[in-house]
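Examination of the molecular architecture
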Amino acid sequence: MGGSAGIVVLMATITALLCMGAAAGGQPPFSCWPGAPYVRFCDQRLPVEQRAADLVARLTLAEKVSQLGDVAAAVPRLGVPAYKWWSEGLHGLSMWGKGMHFTGAVQHVTSFPQVLLTAASFDERIWYFIGQAIGVEARALYNIGQAEGLTIWSPNVNIYRDPRWGRGHETPGEDPITVSKYAVAFVRGLQGPSPTTLQTSACCKHATAYDLDDWRGTVRYNFNARVTPQDLADTFNPPFRSCVGEGQASCVMCAYTAVNGVPACADYNLLTKTFRGQWGLKGYVASDCDAIALVRDGQHFRPTPEDTVATTLKAGMDMNCGNYTQVHGMAALRQGKMTERDVDRTLINLFSVRMRLGHFNGDPRSNPLYGHFGANDVCSPAHKNLALHAAKSGIVLLKNDAGTLPLRRWTVGSTAVIGPNANDPGALLGNYFGPPCETITPLLGLKGYVKDVRFEPGCIDTACWSAATGKAVAVARSTDHVILFMGTSHVQEEEGRDRTSLLLPGQQQSLIEAVARAAKRPVILVLLTGGPVDVTFAKFNPKIGAIVWAGYPGQAGGLAIANVLFGEHNPSGRLPVTWYPEEYIRVPMTDMRMRADPATGYPGRSYRFYRGPVVYKFGYGLSYSRFSRRLAASGLAGHQKSLLASLTSTPAADGGASHYDVEEIGPERCEQLKFPAVVEVENHGPMDGNHSVLMFLRWPNATGGRPASQLVGFQSQHLEAGEKASLTFDVSPCEHLSRAREDGKMVIDGASHFLFVDEDDEAEISFDASINSP
Ligand SMILES: *[C@@H]1O[C@H](CO)[C@@H](O)[C@H](O)[C@H]1NC(C)=O
Ligand SMILES: *[C@@H]1O[C@H](CO)[C@@H](O)[C@H](O)[C@H]1NC(C)=O
Ligand SMILES: *[C@@H]1O[C@H](CO)[C@@H](O)[C@H](O)[C@H]1NC(C)=O
């Protein structure tokens, strides 16, 4: 605060002065400008909650209600500027939302790969750096007047439960540990390093158990997800708990879906008891857009708009994306459905976040941490390189018959480039994108490597209702190499649109097969898809020599693909989601159960519970080099066994091993029980490259809803050809050995567990005090 701090004046006088300030000099577009009269809410020495409470206490009832939607009105008499809460930054800043625009000095932003591809790197550093870069670009836009908010409603940390989900590619996949780690890394990057001033505010969405947009008329707006306590505890909720707890996200978004009969945005147990009470949310709860209106109009949960507004606000929902609460809030108050105190609690949460963003500290451009970011920090060389690096790191090599890949840059002859995704800028992006800094399609990328490129799209778009097979075959016949760029796009999968098939759409398969038959050598098939596809036909076709999955790879995707195909980058991506065969679509999308039910033929979901045939399994991914891994883990040390012996365990009902309650063990003893597991990894050549080591746990059996296996952790390591390294994993029994009981309680069996990185190399970990470590 400036020199006027400490002057005590009556509130009426302050108001008059603020009005004069505004009228006289023209009010700056921010509050608490230097020289403004002292008001408590501008006093940076006070805790934000006190400042926010002071501000809220000065608002009239009408002004309060005007703050309850994503477009929040200005309160000029207090110098409070208007604010737009809704911005998106899923894999780069986005045109969705109302908070940012791209029509000034900055017209382009860095478009990183869609999240599922980035997740495939299994490299937390990359996830953090992407979050950080998006946060920097948001601050830059804000500083130059192209953003009216810094609250970003990303990341999407729902579990990718069903392969058909049109938003699955927005998520980090099907594994709760991977999604949790992604959430923490991305949120930390986005929110920045300062404990006091947020770079931007991140929002973990969509809580919880939301992963269906439209299945045969059941849509997200009216879907009631029936979820077991066991699945909630070990699958749907962990990413949100990590996002809020470890990641310290300042927002959680409640979903459209109802969970076990209660719309998420109207659920006091979820929003208040769980997010705030159990997970310690410091921040606000946003609703998905128009989710509050839909609590009545879609879910039919409350009879009137006023009841709906009151129920959701009292449940702990703070920010209604939309204007339903603004429109009906006053009437709800007048009718006594809620009180001014309910509104105040919400507003304190909201203004606290605005204050943590530094918005009531004078001019944001003089913020010491973020004030200097400007147009040059958007699409900077560093951000563009990161977009390329992330795409390369995620790309997964699925098939590589002897010698097909890599191609040699200088010796490759004429090359046919075939497919609807070869030169479509849209196929690089996926849901939620902004105008990219640059667009390197696969065709453009390849032109830097091959002199004689002959392009034939084969179909107009990915729907591929009819294929120009004759033309494509002629090009394939006349060239030395053939690379096909096939897959999906927003035509099959996007928000509001789930896929109906896992096969390549339309005539794509017959086109690929015809081209493969005609080509001089085995062809290379590059798949640009959001989610998994059933390409069994290609896996077993000897005329298809290589298959590469490139997700939706972002602005530099075409260059990243060329780098991989020509061996300038040794692929190390691993699939973050199971690739099921087409027959999987007989499973109703609405069946939320993760666990299989053999009695009724229900196959279960994800690598943790599904035991049926797969096209490619979770964690699958090849390299141009051969790597080997050896695991050494000794389990609990002597003093840890003694600690274990001092804990009480609960006998199992079925006469099996007794178990320990994780909550009863408590954080301190959980910390003491951690032990290391070491993996020796070696690159046997011939190329340098990265290797992601995925460590799993399995139980002696999969009874009682125990997963068949569960990821413990992962590490990505660069190794030159011939190089070895040892990677240490911290195994925490409370986190990694625990399992959810049917009632949702997390427990650890007092019995053996098995760690493995390869299926034939296991280490037995005994969590039984009476047995000595091996
Ligand atoms: C509320 O939002 C709806 C839909 O965007 C719009 O049609 C309506 O005019 C808005 N009402 C008010 C009072 O702002
Ligand atoms: C399965 O494993 C658990 C925990 O190790 C054990 O208690 C139980 O007896 C086993 N059940 C069967 C059927 O083997
Ligand atoms: C390879 O691993 C190193 C750490 O050993 C990491 O810094 C780098 O980002 C990784 N690169 C890729 C392409 O994954």
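Residues numbered from 1 in each chain as written. Chains lettered and ligands numbered in written order. Predicted model: local features only at pLDDT ≥ 70, side-chain atom pairs only at ≥ 80, totals over all residues. Heavy atoms only, no water.

What counts here: UniProt positions are given in the numbering used here, feature names are shortened, and annotations may be inferred rather than shown by experiment.
Going by what an unreviewed UniProt entry lists, the chain is known as Fibronectin type III-like domain-containing protein and is assigned to Triticum turgidum subsp. durum. Recorded in UniProt for the chain, the comment headed Subcellular location (unreviewed entry) runs: "Secreted".

Description of the side chain of Lys392
Spelled out, the test is: Runs of H or I in DSSP of at least four residues are treated as helices and runs of E of at least two as strands, each being numbered from the N terminus. Here's how the labels work: a residue is buried when its accessible area is under 20% of the maximum for its type, exposed when over 50%, partly exposed in between, all with a 1.4 Å probe on protein chains only. Working convention for charge: Lys and Arg count positive, Asp and Glu count negative, and His plus the chain ends are omitted. Put simply, a salt bridge is a Lys or Arg side-chain nitrogen that is within 4 Å of an Asp or Glu carboxyl oxygen. Two residues qualify as a contact provided that any one of their heavy atoms is within 4.5 Å of a heavy atom in the partner residue.
Residue position: Lys392 is located in helix α14 (residues 381-394). Nearest to the buried, unbridged Lys392 among oppositely charged side chains is Glu568, at 7.1 Å. Excluding its chain neighbours within four sequence positions, the residues that come into contact with Lys392 are Ala560, Asn563 and His569.

Topic: the site of ligand 3
Test applied: Being near a molecule or strand, for a residue, means having at least one of its heavy atoms within 4 Å of it. Under this definition, polar contacts are N or O atom pairs within 3.5 Å; protein pairs additionally need one hydrogen-donor-capable and one acceptor-capable atom, and for neighbouring residues in sequence, both atoms have to be side-chain atoms. Only the protein chains shown count as cover for residues, and the accessible areas themselves come from Shrake-Rupley with a 1.4 Å probe. For this classification, the nonpolar set comprises Ala, Val, Leu, Ile, Met, Phe, Trp, Tyr, Cys and Pro, the charged set comprises Asp, Glu, Lys and Arg, and every other residue, Gly included, is treated as polar.
Around ligand 3, the surrounding shell consists of Asp123, Arg125, His389, Ser393, His569, Asn690, Ser716, Gln717 and His718. Here an oxygen atom of ligand 3 sits 2.9 Å away from a polar atom, N or O, in the main chain of His718. Here ligand 3 loses 75% of its free accessible area of 360 Å² to cover by the protein chains. Of all the elements in the fold, those that place two or more residues in the shell around ligand 3 are α14 and β23 (710-719). It is β23 that provides the largest number of residues to the shell around ligand 3, a total of three residues. A per-class count over the shell around ligand 3 returns no nonpolar, seven polar and two charged.

Examining the pattern of salt bridges
Taken as a whole, this structure holds 38 salt bridges when the rule is applied. For Glu63, the salt bridge is made with Arg77, and the minimal N-O distance between the two is 2.8 Å. Taken together, the positions of Glu63 in helix α3 (residues 61-66) and Arg77 in the loop between β1 (71-72) and β2 (83-84) put the pair 14 residues apart, joining distant regions of the chain. Look at Glu63 and you get buried, because its relative accessible area is 17%. Taken together, the salt bridges that share partners define one network made up of Arg167, Glu170, Asp213, Arg220 and Glu495.

Comments concerning the site of ligand 2
Around ligand 2, the neighbouring residues are Gly656, Ala657, Pro700, Asn701, Thr703, Arg706, Asp749 and Ala751. Ala657 places a polar main-chain atom, nitrogen or oxygen, 2.7 Å from an oxygen atom of ligand 2. The side chain of Asn701 places a nitrogen or oxygen atom 2.5 Å from an oxygen atom of ligand 2. Protein contact buries 61% of the 360 Å² of open area that ligand 2 shows by itself. Within the shell around ligand 2, the residues separate by chemical class into three nonpolar, three polar and two charged.

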